[in-house]
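Spelled out from the first residue to the last, the chains are:
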Amino acid sequence: MKKLFTLLAMSMMTTLFFVSCDTDDDDYAAYNLEGAWVGDMGVVMNVNDGPYVTTYYATRSELYFAQDPYRYASGTGYQVDYFGEQSPWYHSSRNMYYIANHINWEVVNGIIRLYYVEDNAYAEISRYYLSDYDGWFEGVITYENGEWSNFSLRKTYSPNDWNNYYDWGYNDYYWGYAKKNALITDDDGNPIAVKETQKKPVRGAKNN
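Reference entry: report on the structure contained in this document. (Residues numbered from 1 in each chain as written. Predicted model: local features only at pLDDT ≥ 70, side-chain atom pairs only at ≥ 80, totals over all residues. Heavy atoms only, no water.)

### Let's talk about the side chain of Asn 32
Consideration 1: If you trace the backbone, Asn 32 turns up in helix α1 (residues 2-33).
Consideration 2: Overall, the relative accessible area of 5% leaves Asn 32 in the buried class.
Consideration 3: Apart from residues lying up to four places away in sequence, Asn 32 is in contact with Trp 37, Leu 130, Asp 132 and Lys 155. (Helix = DSSP H or I, 4+ residues; strand = E, 2+ residues; numbered from the N terminus. Buried < 20%, exposed > 50% of the residue type's maximum accessible area, 1.4 Å probe, protein only. Contact = heavy atoms within 4.5 Å.)

### Looking at the packing of aromatic side chains
Consideration 1: What the rule picks out here adds up to ten aromatic pairs.
Consideration 2: Over the ring of Tyr 82 we find Arg 60; its NZ or CZ atom is 3.8 Å from the centre of that ring.
Consideration 3: Between Arg 203 and the ring centre of Tyr 116, over which it is positioned, the NZ or CZ distance is 4.1 Å. (Phe/Tyr/Trp six-rings, centres within 6.5 Å; stacked < 30°, edge-to-face > 60°. Lys NZ or Arg CZ within 6 Å of the ring centre and 35° of its normal.)

### Some remarks on a nonpolar patch on the surface
Consideration 1: A surface patch of nonpolar side chains, about 370 Å² in accessible area, is lined by Tyr 28, Tyr 31 and Tyr 72.
Consideration 2: Within the secondary structure, Tyr 28 sits in helix α1. (Patch = residues over 30% accessible without salt bridge, like charges linked within 9 Å, V, L, I, M, F, W, Y side chains within 5 Å. Areas by Shrake-Rupley, 256 points an atom, 1.4 Å probe, with all protein chains shown as cover. Salt bridge = Lys/Arg side-chain N within 4 Å of Asp/Glu carboxyl O.)

### Details of the nonpolar core
Consideration 1: Counting residues in each nonpolar core, the largest one holds 33 residues, and the members touching the most others are Leu 33, Phe 65, Trp 89, Leu 114, Tyr 116, Phe 137 and Ile 141.
Consideration 2: When contributions to this core are tallied by element, the ones reaching two or more residues are α1, β2 (43-49), β4 (60-68), β7 (96-108), β8 (111-116), β9 (121-131), β10 (136-143) and β11 (148-157).
Consideration 3: In contact with Leu 114, other than residues within four places in its own chain, are Phe 65, Asn 104, Trp 105, Ala 121, Tyr 122, Ala 123, Ile 125 and Ile 141.
Consideration 4: Membership of the second largest hydrophobic core comes to eight residues, among which are Tyr 64, Tyr 82, Tyr 98 and Ala 100. (Core = buried A, V, L, I, M, F, W, Y, C linked by side-chain atoms within 4.5 Å.)

### Some words on the pattern of salt bridges
Consideration 1: Evaluation of the coordinates by the stated rule reveals six salt bridges.
Consideration 2: Here Glu 106 and Arg 71 are joined by a salt bridge, their closest N and O atoms 3.8 Å apart. Taken together, the residues span a long stretch of sequence, with Glu 106 in strand β7 and Arg 71 in strand β5 (residues 71-82) at a distance of 35 residues.
Consideration 3: The network of salt bridges with common partners includes Arg 71, Glu 106, Arg 113 and Glu 124.

### Comments concerning the sheet that holds strand β15 (residues 202-205)
Consideration 1: Pairing in this open sheet of three strands is antiparallel, and the strands run β3-β2-β15 from one edge to the other. Each edge of the open sheet carries a strand with a single partner, namely β3 (52-57) and β15. If you compare each strand with its neighbour and ignore which way they point, the axes differ by 35 degrees on average.
Consideration 2: Inspection of the sheet shows β2 paired to β3 by six bridges, in the antiparallel sense. By the bridge assignment, Asp 49 is partnered in β3 with Tyr 52. (Pairing = 2+ DSSP bridges. Axes fitted to C-alpha atoms, helices over the stretch in contact; angles between N-to-C directions.)

### Let's talk about the environment of Phe 83
Consideration 1: One can find Phe 83 in the loop between β5 and β6 (90-91).
Consideration 2: Linking Phe 83 and Thr 59, residues 24 residues apart in sequence, is a C-alpha distance of 5.3 Å.

### What to know about unusual backbone geometry
Consideration 1: One non-glycine residue with positive phi stands out, namely Asn 109, at about 55 degrees.
Consideration 2: With respect to the helices, strands and loops of the structure, Asn 109 is situated in the loop between β7 and β8.
Consideration 3: Even without being a glycine, Asn 120 presents a positive backbone phi close to 55 degrees.
Consideration 4: Relative to the helices and strands, Asn 120 is located in the loop between β8 and β9.

### Description of the environment of Thr 54
Consideration 1: Tracing the backbone through its elements, the reader meets Thr 54 in strand β3.
Consideration 2: For the pair formed by Thr 54 and Pro 201, sequence separation is 147 residues and the distance between their alpha carbons is 9.5 Å.
Consideration 3: Those residues in contact with Thr 54, other than ones at most four positions away along the chain, are Met 45, Asn 46 and Val 47.

Right, dumping it as structure tokens:
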């Protein structure tokens with residue numbers, strides 16, 4: 001009986017060690033993740049327009065990760081995906097074509113989980129190389145629809161260098177996608193309704 005108890009105790013200690021190790025690895029990944037990154041996330045946006053689907057390729061993406069001080073391996077941030085002039089998402093306030101999302105993120109057993117708030121879409125980052133030392137973040141991102149892409153990002157600034165932090169703020173005006181609106185008037189030319197004509201794009205990946 002004593003031998004059995006000893007074996008059980010050793011098994012529990014081993015289990016706790018591996019759980020602790022996984023937690024430490026997640027915290028370490030979150031520590032290196034915090035900051036801003038710019039590069040190619042392999043993002044595409046698909047717009048369903050009747051019988052046709054138009055695909056737009058992002059020219060670059062900018063991501064910012066801020067850690068939750070109370071839940072270390074998680075946090076919030078944003079991702080901004082920029083597009084060329086052929087895309088419909090022009091924001092006159094910044095004279096740029098982009099789609100911006102707040103993100104919630106967490107690291108669980110080495111997997112980085114992302115939630116895009118405005119898109120209401122989920123993704124997971126796996127098989128990645130992440131180093132604050134040399135400033136590279138590369139790996140594979142997979143979306144909930146099964147589409148995936150390789151990505152490569154370069155760190156542009158860390159939370160210790162706030163002077164370089166370009167704050168997008170939390171004004172809803174900048175977030176989501178730019179909508180094309182058609183002004184509808186009555187017979188006298190008075191506006192009676194505003195109709196949203198630009199359909200919401202669906203997030204996808206180049207290497208699907």
